Amino acid sequence: MRPNIKNIAVLTSGGDAPGMNACIRAVVRTGIYNGINMFGVLQGYQGLINNNIIPMDARSVSNIIHLGGTVLKTARCLEFKTDEGMDQAYANMKAHNIDALVVIGGDGTFTGARRFSERHPVSVIGIPGTIDNDLYGSDFTLGYDTAINTVIEAIDKIRDTADSHDRLFFVEVMGRDSGCIALRSAIACGAEAVLLPEKATSLEELIRTLEIGAATKKSSSIVIVSEGHKQGGAYDIAKHVKERFNHYDTKVTILGHLQRGGSPSSFDRILGSRLGYAAVNELLKGSSRQMVGLRGNDIQLTSLDEALTAHSFKLESDLLEMTKVLSI
Ligand code: F6P
């Protein structure tokens, strides 16, 4: 039986990710198609607390499908972690008669949604939107595919210089505690080595790999360092390696926030559209405290509790093995 939902709000929270706009568009238009009044919350949970809530119609989301970032803006909101913050957010929702919330974001966003829906009677569906790909229950999160393509484009350019100057480059990529971007871009760019937060790689091991490369006439090398690597970032690793292995001219590049922006790939536009469409349909079926995600080629539900569990399984073992085999 369809629950009595008349008004739905959508927000984006945490780090922006390419594909969020395609997703917002799908949420808003699926709601309107089903006769629901749709609202947008500006600046994530902070906007919910500050009553920054606007009505949205089908035209509010025209011409945004190709844009990176999020037209609803986003924030990392500490106030929403407090009971007072959540109570104020709920009061504002009630003032607009909003019955249900679609939240697009990563683990912080889902943690907030879970606590909020435990404290107040609000139906909530989460959509995994983060370049980190670190949520259980979706093979891919929104923005991850575009981010990897951005990284690949950058590292391909770096390889031109590495090759021309016979240099060793350490390239740091994003991912907080997740090595997904690092691992996939290492395969796609043919990196000589990759350092991941989930896997201990000793400096000895790395230096041995580089020494073997040099001994077998590799004139340049690229090492991808995930920002969450336990022994430090690219600058630290480069310094330690240089002290012990000075065969190459060594350089460091931190790719940083350029990985988060840009026009979404076809994959992220379609994923965002599918997840947004599914989120509203699930709310209308009565689902709550669930995440909609992609498993195989199917959209499936996972409870927010489960989605927030460990993600290290996401590093495909064949890709891990291939980083050694294909870089000899
Ligand atoms: O969660 C996405 C992410 O880009 C992480 O990879 C990174 O560690 C973090 O956000 C950076 O956050 P901020 O933009 O707030 O500095």
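These figures come from a predicted structure and were not determined experimentally. (Residues numbered from 1 in each chain as written. Predicted model: local features only at pLDDT ≥ 70, side-chain atom pairs only at ≥ 80, totals over all residues. Heavy atoms only, no water.)

**Digging into the overall build of the protein chain**
We apply this condition: Comment: elements are numbered from the N terminus, with helices defined as DSSP H or I runs of at least four residues and strands as E runs of at least two. We compute the radius of gyration from the C-alpha atoms alone; for a globule the expected value is 2.2 Å times N to the 0.38, where N is the number of residues. When a residue's accessible area, from a 1.4 Å probe over protein chains only, is under 20% of the maximum for its type it is buried; when over 50% it is exposed; and in between it is partly exposed. Contacts between residues were defined by any pair of non-hydrogen atoms, one from each residue, lying within 4.5 Å. Methods summary: accessible areas were calculated by the Shrake-Rupley approach with a probe of 1.4 Å, and residue burial reflects only the protein chains presented. Under the convention used here, Asp and Glu are negative, Lys and Arg are positive, and both His and the chain ends fall outside the count. To locate a charge, take atom NZ for lysine, CZ for arginine, CG for aspartate or CD for glutamate.
The helix and strand inventory of the protein chain stands at 11 helices and 11 strands. What you see for the protein chain is a C-alpha radius of gyration of 22 Å, in line with the 20 Å of a compact globule of 328 residues. Taking the principal axes of the C-alpha coordinates as reference, the protein chain spans close to 70 × 35 × 30 Å. Relative to its full complement of 328 residues, the protein chain shows a buried share of 54%. Residue pairs at least 24 apart in sequence account for 77% of intrachain contacts in the protein chain once pairs closer than 6 positions are excluded. Carbon and sulfur atoms make up 50% of the accessible area of the protein chain, which amounts to about 14000 Å² in all. The averaged location of the 37 negative side-chain charges in the protein chain is 4 Å from the averaged location of its 34 positive side-chain charges.

**Comments concerning the site of the ligand**
Operational definition: Here, proximity means that at least one heavy atom of the residue falls within 4 Å of the molecule or strand. A 3.5 Å cut-off defines polar contacts: any pair of N or O atoms within that distance qualifies, except that in protein one atom must be a possible hydrogen donor and the other a possible acceptor, and neighbouring residues in sequence count only when both atoms are side-chain atoms. Residue type decides the class: Asp, Glu, Lys and Arg count as charged, Ala, Val, Leu, Ile, Met, Phe, Trp, Tyr, Cys and Pro as nonpolar, and the leftover types, Gly among them, as polar. Domain segmentation is taken from an automatic or database assignment of domains.
Taken together, Arg76, Thr130, Ile131, Asp132, Met174, Gly175, Arg176, Glu227, His257 and Arg260 make up the full set of residues adjacent to the ligand. Arginine 76 has a polar side-chain atom sitting 2.8 Å from an oxygen atom of the ligand. Arginine 176 places a polar side-chain atom, nitrogen or oxygen, 2.9 Å from an oxygen atom of the ligand. Relative to its unbound accessible area of 400 Å², the ligand is 76% covered by the protein chains. When its residues are assigned to classes, the shell around the ligand shows two nonpolar, three polar and five charged. There are two domains that each give the shell around the ligand at least three residues, and those are domain 1 (7-143 + 264-309) and domain 2 (145-260).

**Details of the sheet that holds strand S11 (residues 298-303)**
Strand-to-strand pairing in sheets goes through backbone hydrogen bonds, with the strands running parallel or antiparallel. The following threshold applies: Only strands that DSSP links by at least two bridges are regarded as paired with each other. Angles shown run from 0 to 180 degrees and are taken between the N-to-C directions of axes, each axis being a line fitted to C-alpha atoms and, for helices, limited to the stretch in contact.
Here seven strands make up an open sheet; going across it, the order is S3-S2-S1-S4-S5-S10-S11 and the pairing mixed. Every interior strand has two partners, whereas the edge strands, strand S3 (53-56) and S11, have only one. The mean inter-strand angle of the sheet, taken between neighbouring strand axes irrespective of direction, is 30 degrees.

**What about the domain arrangement of the protein chain?**
What counts is decided by this rule: A simple way to read buried area is as the amount of 1.4 Å-probe accessible surface that goes missing from two parts once joined, with both sides added. Basic side-chain nitrogens of Lys or Arg form a salt bridge, by our definition, when they fall within 4 Å of a carboxyl oxygen of Asp or Glu.
Splitting the protein chain by domain gives domain 1 (7-143 + 264-309) and domain 2 (145-260). The centre of domain 1, based on its C-alpha atoms, is set 34 Å off from the matching centre of domain 2. Contact residues are listed per partner, giving 15 residues for domain 1 and 13 residues for domain 2. Summed over both partners, the interface of domain 1 with domain 2 comes to about 1100 Å²; 47% of that surface belongs to carbon and sulfur atoms. Taken together, the links from domain 1 to domain 2 amount to one salt bridge. Among the ionic pairs, arginine 260 bridges to aspartate 16, the shortest N-O distance being 2.9 Å. Inspection of the domain 1/domain 2 interface yields eight residue pairs in polar contact (both at pLDDT 80 or more). When the residues that make up the side of domain 1 that touches domain 2 are grouped by side-chain class, the tally is six nonpolar, four polar and five charged.

**Some details on the packing of helix H6 (residues 180-189) against helix H11 (residues 317-325)**
For any two helices packed against each other, the geometry comes down to the angle between their axes and how far apart the axes lie. Rules: Roughly parallel means an angle under 35 degrees; roughly antiparallel means over 145; roughly perpendicular covers 65 to 115; every other angle is labelled oblique. Each crossing gets its hand from how the near helix is turned against the far one by less than a right angle, where anticlockwise is left-handed and clockwise is right-handed.
Where H6 contacts H11, the two axes come as close as 10 Å, and the packing angle between them is 45 degrees. In this view, H6 runs oblique relative to H11, as classed from their interaxial angle. The two elements H6 and H11 meet at a crossing, and its hand is left-handed. Every residue of H11 that contacts H6 at Leu183, Arg184, Ala186 and Ile187 is listed here: Leu319, Leu320, Met322 and Thr323.

**A closer look at the sheet that holds strand S9 (residues 249-254)**
Taken together, the four strands give an open sheet; going across it, the order is S7-S8-S6-S9, and neighbouring strands pair in parallel fashion. With partners counted over all chains shown, the strands left at the sheet margins are strand S7 (193-195) and S9, one partner each. On average, adjacent strands in this sheet sit at an angle of 20 degrees to one another, irrespective of strand direction. The sheet contact formed by strand S6 (residues 167-173) and S9 spans six bridges and is parallel. Residue pairing for S9: valine 171 is matched across the bridge by threonine 253. Of the strands in this sheet, S6, S7 and strand S8 (221-226) touch helix H7 (residues 203-215), which is tilted by about 160 degrees from S8.

**Things to note about the packing of aromatic side chains**
Here is the rule: Note on aromatic pairs: the rings of Phe, Tyr and Trp (six-membered ring only in Trp) are paired at centre separations within 6.5 Å, and the planes decide the class, stacked below 30 degrees, edge-to-face beyond 60, tilted for the rest.
Per the counting criterion, the structure on display carries five aromatic pairs. With centroids separated by 6.1 Å and ring planes inclined at 65 degrees, the aromatic side chains of phenylalanine 245 and tyrosine 248 adopt a geometry described as edge-to-face. Here the aromatic residues Tyr45, Phe80 and Phe116 are joined through ring pairs into a cluster of three or more.

**Focus on the environment of arginine 289**
Along the polypeptide, arginine 289 turns up in the loop between helix H9 (266-285) and strand S10 (290-295). Distance in space between the C-alpha atoms of arginine 289 and leucine 301 is 9.8 Å, their sequence separation being 12 residues. Contact partners of arginine 289, with chain neighbours within four places excluded, come to Ser117, Glu118, Val124, Ser303 and Leu304. A polar side-chain atom of arginine 289 sits 3.0 Å from the main-chain carbonyl oxygen of serine 117.

**Remarks on the pattern of salt bridges**
Applying the stated criterion across every chain, the model contains 14 salt bridges. A salt bridge links lysine 285 to glutamate 282; the shortest N-O distance between them is 2.9 Å. Of this pair, lysine 285 and glutamate 282 both sit in helix H9, three residues apart, which is roughly one turn of the helix. A relative accessible area of 58% places lysine 285 in the exposed class.

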